[in-house]
Amino acid sequence: MNIKILGISGSPRRGNTQQMVMEALNAAAEIPGVETDFVSLRGRLSPCIDCEKCPVNPPERYCVIKDKMDEIYPKLIEADGIILGSPVYFGTVTAQVKAMMDRCRPFGRAGISLKHKVGGAITVGAARNGGQEKAIGAIVDYYLLAGILPVGLLRIMQTGAMGLAFRPGMIEKDEWPVEYLPEGKVPWVDQCRDIGVTVANMCRVIRAGLETLDSE
């Protein structure tokens, strides 16, 4: 069973968000049969202009706008699981992440092309309550609209991995207090690895289930 997990960093910088997404991918890649890929939203990524030219039956192109989404569309299609990370600049996901979400409208018009995939969310902000959970909520809403099954952490009751960092590299010092665990805390790295493993394992479950349905 070959499973592909795509990690996406929604930051315009090479910083904490990318580091968190890569850690999740590293954990997923440790599972036999799981391959990982990574893409950054740095670079030219135009917003949706509601041109109403999304093809209902896409040929080679999904969008008339030519930019970084040309690289991202096939990666999204090929992936079994997606781990999307975003820094929080003003209470929610970045402009880059929202642009990518909006540019996925062609997938809906093409028959919910991303259905049966699994999604995990990662966010990092400059304050403990700086909007990380709102950003994760936005990512989860995107998954639901796209037909992607969102999953959260399994060790602690969180809908995604959330970090605290306001400078590059500061994420290394972040850990959340969790009184009901023996160690009493969960470092950022454990959260990221948890979401990576959970996405990968749920992809395996869904693949096995779909194969069973096909055989029937």
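A brief look at the structure comes next.

What counts and how
Residues numbered from 1 in each chain as written. Predicted model: local features only at pLDDT ≥ 70, side-chain atom pairs only at ≥ 80, totals over all residues. Heavy atoms only, no water. Helix = DSSP H or I, 4+ residues; strand = E, 2+ residues; numbered from the N terminus. Buried < 20%, exposed > 50% of the residue type's maximum accessible area, 1.4 Å probe, protein only. Contact = heavy atoms within 4.5 Å. Areas by Shrake-Rupley, 256 points an atom, 1.4 Å probe, with all protein chains shown as cover. Lys, Arg positive; Asp, Glu negative; His and termini not counted. Charge placed at Lys NZ, Arg CZ, Asp CG, Glu CD. Salt bridge = Lys/Arg side-chain N within 4 Å of Asp/Glu carboxyl O. Core = buried A, V, L, I, M, F, W, Y, C linked by side-chain atoms within 4.5 Å.

The next subject is the overall build of the protein chain. Broken down by element type, the protein chain carries 6 helices and 8 strands. Mapped in sequence order, the helices and strands of the protein chain form the string β-α-β-α-β-α-α-β-α-β-β-β-β-α. A principal-axis box enclosing the C-alpha atoms of the protein chain has dimensions of 50 × 45 × 25 Å. Among the 216 residues that make up the protein chain, the fraction classed as buried is 49%. Long-range pairs, those at least 24 residues apart, make up 77% of the contacts in the protein chain between residues at least 6 apart in sequence. For the protein chain, the exposed area adds up to about 10,600 Å²; of that, 55% sits on carbon and sulfur atoms. Of the side-chain charges in the protein chain, 25 are positive and 25 negative, and the distance between the mean point of each set is 7 Å.

Turning next to the pattern of salt bridges. Enumeration according to the criterion identifies 13 salt bridges in this entry. Among the ionic pairs, Arg193 bridges to Glu23, the shortest N-O distance being 3.5 Å. Of this pair, Arg193 sits in helix H6 (residues 188–215) while Glu23 sits in helix H1 (residues 16–29), placing them 170 residues apart in sequence. Arg193 gets classed as partly exposed once you look at its relative accessible area, which sits at 26%. With a shortest N-O distance of 3.6 Å, Lys185 and Glu175 are connected by a salt bridge. Highlighted residues: Lys185 in strand E8 (residues 185–187) and Glu175 in strand E7 (residues 175–177), separated in sequence by 10 residues. Taken together, the salt bridges that share partners define one network made up of Glu23, Glu30 and Arg193.

Okay, the nonpolar core next. Ile8, Leu76, Leu84, Met100 and Tyr142 are the most contacted members of the largest nonpolar core, which has 35 residues in total. At the level of elements, strand E1 (3–9), helix H2 (69–78), strand E3 (81–87), helix H3 (95–102) and helix H5 (132–146) are the ones that each hand at least two residues to this core. Of all the elements, H5 adds the most residues to this core, at 7 residues. Those residues in contact with Leu76 that sit more than four places away from it in its chain are Leu6, Ile8, Ile82, Cys104, Phe107, Leu114, Lys117 and Tyr142. Grouped together as the second largest cluster of nonpolar side chains are 29 residues, Val21, Ala28, Val124 and Val186 included.

Here H3 has its buried residues at Val97, Ala99, Met100 and Met101. Tucked inside the fold, the buried residues of H3 contact E1, H2, E3, helix H4 (105–109) and H5.

Those residues of H2 lying buried are Met69, Ile72, Tyr73, Lys75 and Leu76. On its buried side, H2 packs onto E1, strand E2 (34–40), E3, H3, H4 and H5.

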